[in-house]
Each structure stands twice: as C-alpha cells, then as structure tokens.
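Architecture and fold: a report
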Amino acid sequence: MEIVREQAKSNSDESLKLAVAMAILRSKLLHKPPSAPPLPPPPYSSTAAAASSSDDDALKWKRKAKERKQEIVRLKEDLKVAEDGSQYDLFPKSASCKCYFFDELGLLSPKRTGDCSDRRFSDVLRRRFLRQVRIKERKRRRTNDSLLHRISERDNETNVEQLSTSVDFLLELCDTLSPQSLEEGNFKNWCHQAVDFILGTLATMSPTEKNREPVEGIINSLIMRLLRRMCSALQGDESHHFDTAIQFYIQHLMRKIGNEAFVGQRLIFAVSQRISAIAESLLFMDPFDATFPSMNNSMYMMIQLIEFLVTDYLLTWSNAGDFEIRLLEEWVVSVLQGRKALELLENRNSLYVLYIDRVIGVVAKQVGQLSFLHKLSPQILENLYS
C-alpha cells in the first residue's frame with residue numbers, strides 16, 4: 001500500500017512540474033519582445049554603393065553642363081549674326097539679286113514691268129532685310145526732332161512707322177551708293193526688299209490713310225531725295241561710266257516705286273516740275289560750265305523716267321478704285337509746261353524737244369484709253385492733243 005501511495009505522489013509531482021513548465025513556456029511566448037531589425041550590410045558595401053551613386057550623379061551633371069555650354073555657344077553665334085548680318089550673308093557679296101529686280105535697267109519695256117510685290121524672292125531674304133532695318137535703326141541714334149519721332153508722337157499706327165522706317169532705310173542705301181556697292185549683291189537685294197516693303201505697306205492703307213499728312217510727307221520726301229540723288233550722281237571724281245550706272249540704278253528704283261499709283265503720279269508731277277526748273281537754269285548757263293554735262297544728262301534721265309512710268313503703269317493705275325483724277329490733270333499740265341520750257345532750249349539742243357514730244361505722244365495715247373476720259377478737263381485734253 002505504501003508503495004502504491006509513493007508512486008501516486010511521484011506521479012502528481014511530475015504532473016505539477018509539467019504544468020508549471022508549460023505555464024512558464026506559455027508566459028514567455030506571450031511576452032516575447034519584438035524581433036530585432038536586420039543587421040546593416042558590412043561597412044565596405046555601403047561605401048561602394050555611395051561611391052557608385054556619386055559617380056552617376058557627377059556624370060549626369062557633367063553631361064548637363066556640357067549641353068548647357070553648347071547651347072550658350074549657339075546663342076552667342078545667333079546673337080552675333082543678328083548684330084552683324086553682313087558677316088554671315090546667305091549669298092556671297094558678288095551674287096546678283098535673285099528676284100530679277102534690276103532687269104530691264106534703263107530699257108523701255110513694251111509690256112508693263114512685273115509687279116514689285118511678287119514673291120520670287122525667298123522668305124529668308126525678307127527676314128534678313130527686316131533684321132538689317134532694325135539694326136540700322138538702333139545704330140542711327142536719332143535726335144528728338146527726327147521725322148520718325150514726330151510721326152510717332154502724332155500717329156502711333158504701325159503702318160506709318162513701318163513706312164517711315166523702310167523709306168529711311170532705302171534712302172540710306174542710296175545716299176551711300178558707290179561703284180563698289182553696285183558690285184555687291186547686298187545692295188540689290190536690300191533695295192528690292194525695301195521697295196517691296198514700302199509698296200506692301202501702302203497697299204494695306206485705305207485712301208483716307210494715304211492722304212493723311214504724315215504719309216504724304218514721307219512719300220514726297222522719298223521722291224525728292226531720290227530725284228536729287230539721281231540728278232547729282234554725276235558729281236565727283238569717279239569715272240563717267242560708274243556715275244551713269246548710279247543714275248540708272250536710282251532711276252530704276254523710282255520706276256519700281258512708281259508701281260503704286262499714289263507714288264507714281266506724285267513722282268511724275270515732281271519730275272516734270274524739275275524738268276522745268278533745270279530747263280530754266282540751262283537757258284542762262286554757260287555751255288562750258290563744269291556742271292553743264294551733269295544737268296544735260298539728268299534732263300534725259302528725267303524725261304525717260306516719265307516715259308517709263310506712263311508706259312508701264314498708267315493704264316493699271318486707272319483701274320484702281322482710288323485713282324486720283326485731279327492729280328492726273330495736274331501732272332499732265334506740268335508735263336506740257338515742261339515742254340514749253342524746253343522749247344526755249346531748242347536752239348541749243350533740239351533733242352530735248354524731240355524727246356519730250358515723244359513722251360507727250362505716249363501720254364496722249366494712254367490717256368485716250370482711260371475709261372473716265374469724259375471726266376477730264378476739256379481744256380487739258382485740248383492742250384494735250386493739240
């Protein structure tokens with residue numbers, strides 16, 4: 001019996017120990033602390049990764065710096081071209097005008113000359129011309145009483161300012177014209193661009209805008225300065241051949257500008273007035289005077305210019321809706337008065353009268369084809385056809 005009790009007691013002790021052990025184990029599992037974070041990689045691995053990332057960043061920024069430097073170089077080149085376009089011309093200096101602007105120089109064409117507003121020249125030339133105009137405007141350093149400043153104060157319209165700028169640019173080209181510049185392509189190209197820009201600006205204006213004082217003043221100034229330049233081209237020590245060439249180029253510019261009726265009719269009137277003035281001067285001038293050959297040659301150039309304008313454009317002008325009949329009558333009367341002035345020189349040079357008679361015959365023929373002939377003054381028509 002005692003043995004049995006001892007065995008039962010030992011079994012209960014073992015069960016108690018097992019229960020205590022399980023309770024302790026369960027308590028440890030419930031109160032187990034969070035697992036520790038993973039250990040960082042060895043020190044040598046962190047250094048290698050940082051070095052690799054730094055190298056990539058350095059290459060990236062070096063590449064960006066190189067691209068930015070190349071961009072700055074390109075911008076500097078573009079700026080240099082914009083500031084001095086003559087150093088980087090699209091065409092060589094010896095190239096002729098690509099738009100045939102100076103074709104038929106000094107020649108009478110049986111057909112009307114081509115419209116100055118045609119688009120045979122490239123857009124590149126037009127942009128280069130506009131850039132050159134802006135460059136010259138910045139370099140001009142005008143005074144406060146300049147024409148453009150007065151116009152800007154009284155009239156802020158863009159068309160008037162563009163017209164004034166283009167006219168100034170063309171006049172500057174003509175004032176600096178020399179035998180050397182005639183051989184350069186720039187002069188011919190820029191003259192064409194300037195004339196086309198002037199005519200294009202006038203074409204966008206209404207008749208009311210054209211007859212305003214600023215516009216008419218600009219055109220009259222252009223006509224008088226070109227006419228003065230043509231008549232003074234023979235003065236100087238250069239050879240007669242080159243000086244005559246300059247005269248023909250100026251005459252051709254006026255012929256092209258005359259494509260617009262607003263300019264052409266005023267040009268004929270101014271030329272006819274100049275013919276009368278020079279005829280009076282020649283009447284009292286010594287034939288052996290040093291300036292006599294220059295004035296004699298200018299007389300022929302002006303008579304020829306009237307013939308070009310009447311032959312090329314009169315019928316075209318008459319078809320325009322804003323054709324000024326009053327101005328037509330004025331310059332017809334002025335041409336007839338010029339003929340009377342030249343009659344006084346017939347004993348010295350009968351060619352004047354023969355030439356002006358031929359021009360008056362052309363005028364009479366063209367006027368006879370006008371649709372509004374019945375609106376003209378009967379007295380003027382009688383004098384023209386008598």
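Reading the values: the criteria
Residues numbered from 1 in each chain as written. Predicted model: local features only at pLDDT ≥ 70, side-chain atom pairs only at ≥ 80, totals over all residues. Heavy atoms only, no water. Helix = DSSP H or I, 4+ residues; strand = E, 2+ residues; numbered from the N terminus. Buried < 20%, exposed > 50% of the residue type's maximum accessible area, 1.4 Å probe, protein only. Contact = heavy atoms within 4.5 Å. Areas by Shrake-Rupley, 256 points an atom, 1.4 Å probe, with all protein chains shown as cover. Axes fitted to C-alpha atoms, helices over the stretch in contact; angles between N-to-C directions. Parallel < 35°, antiparallel > 145°, perpendicular 65-115°, else oblique. Left-handed = near helix turned anticlockwise from the far one by under 90°. Nonpolar A, V, L, I, M, F, W, Y, C, P; charged D, E, K, R; others polar. Salt bridge = Lys/Arg side-chain N within 4 Å of Asp/Glu carboxyl O. Disulfide = S-S within 2.5 Å. Phe/Tyr/Trp six-rings, centres within 6.5 Å; stacked < 30°, edge-to-face > 60°. Lys NZ or Arg CZ within 6 Å of the ring centre and 35° of its normal.

What about the overall build of the protein?
- Of regular secondary structure, the protein possesses 15 helices and 0 strands.
- The burial tally for the protein puts 41% of its 386 residues in the buried class.
- Considering only residue pairs separated by 6 or more positions, the protein has 80% of its internal contacts joining residues 24 or more positions apart.
- As displayed, the protein offers around 22,700 Å² of accessible surface, 55% of which is attributable to carbon and sulfur atoms.

Thoughts on the packing of helix H9 (residues 213–231) against helix H11 (residues 261–283)
- It is at 10 Å that the axes of H9 and H11 come closest, and there the two elements cross at 45°. When the interaxial angle is binned, H9 and H11 end up oblique. Every pair of crossing elements has a handedness; the one defined by H9 and H11 is right-handed. In this structure, H9 contributes Val-215, Glu-216, Ile-219, Asn-220, Ile-223, Met-224, Leu-227, Arg-228 and Cys-231 to the contact, and H11 contributes Phe-262, Val-263, Arg-266, Leu-267, Ala-270, Val-271 and Arg-274.

Examining the packing of H9 against helix H12 (residues 292–318)
- In contact at an axis separation of 9 Å, H9 and H12 are set at 130° when each is read in the N-to-C sense. In terms of orientation, H9 lies oblique with respect to H12. Residues Leu-227, Met-230 and Cys-231 of H9 form the contact with H12, whose participating residues are Ser-294, Ser-298, Met-301 and Met-302.
- Split into classes, the residues belonging to the contact of H9 with H12 amount to 5 nonpolar, 2 polar and no charged.

Considering the pattern of salt bridges
- Inspection of the entire model under this criterion finds 9 salt bridges.
- Two residues, Glu-343 and Arg-339, come together in a salt bridge whose shortest N-O distance is 1.7 Å. Separated by 4 residues within a single helix, Glu-343 and Arg-339 lie in helix H13 (residues 325–343), roughly one turn from each other.
- A single network of salt bridges, built from pairs that share partners, joins Glu-216, Arg-266 and Glu-324.

Observations regarding the state of the cysteines
- Taken as a whole, this structure holds 0 disulfides when the rule is applied.
- A disulfide-free cysteine, Cys-191 has its sulfur positioned 5.3 Å from the sulfur of Cys-174, the nearest such atom.
- Given the relative accessible area of 0%, Cys-191 is considered buried.

What to know about the packing of aromatic side chains
- Inspection of every chain in the model, using the stated rule, returns 5 aromatic pairs.
- Relative to Trp-190, the ring of Phe-169 lies with its centre 6.2 Å away and its plane at 70°, an arrangement referred to as edge-to-face. One end of the pair, Phe-169, is in helix H5 (residues 158–175); the other, Trp-190, is in helix H7 (residues 185–203), with 21 residues separating them in the sequence.
- You can call Phe-169 buried: its relative accessible area is 2%.
- When the ring of Phe-323 is compared with that of Phe-372, the centres are 5.3 Å apart and the planes differ by 35°; the resulting orientation is tilted. Residue Phe-323 is located in the loop between H12 and H13, and its partner Phe-372 is located in the loop between helix H14 (350–367) and helix H15 (378–385); the two are separated by 49 residues in the primary sequence. Both residues of the pair, Phe-323 and Phe-372, count as buried.
- Lying over the aromatic face of Phe-308, Arg-255 brings its terminal NZ or CZ to 4.0 Å of the ring centre.
- Sitting over the ring of Phe-262, Arg-266 keeps its end group 3.9 Å from the ring centre.

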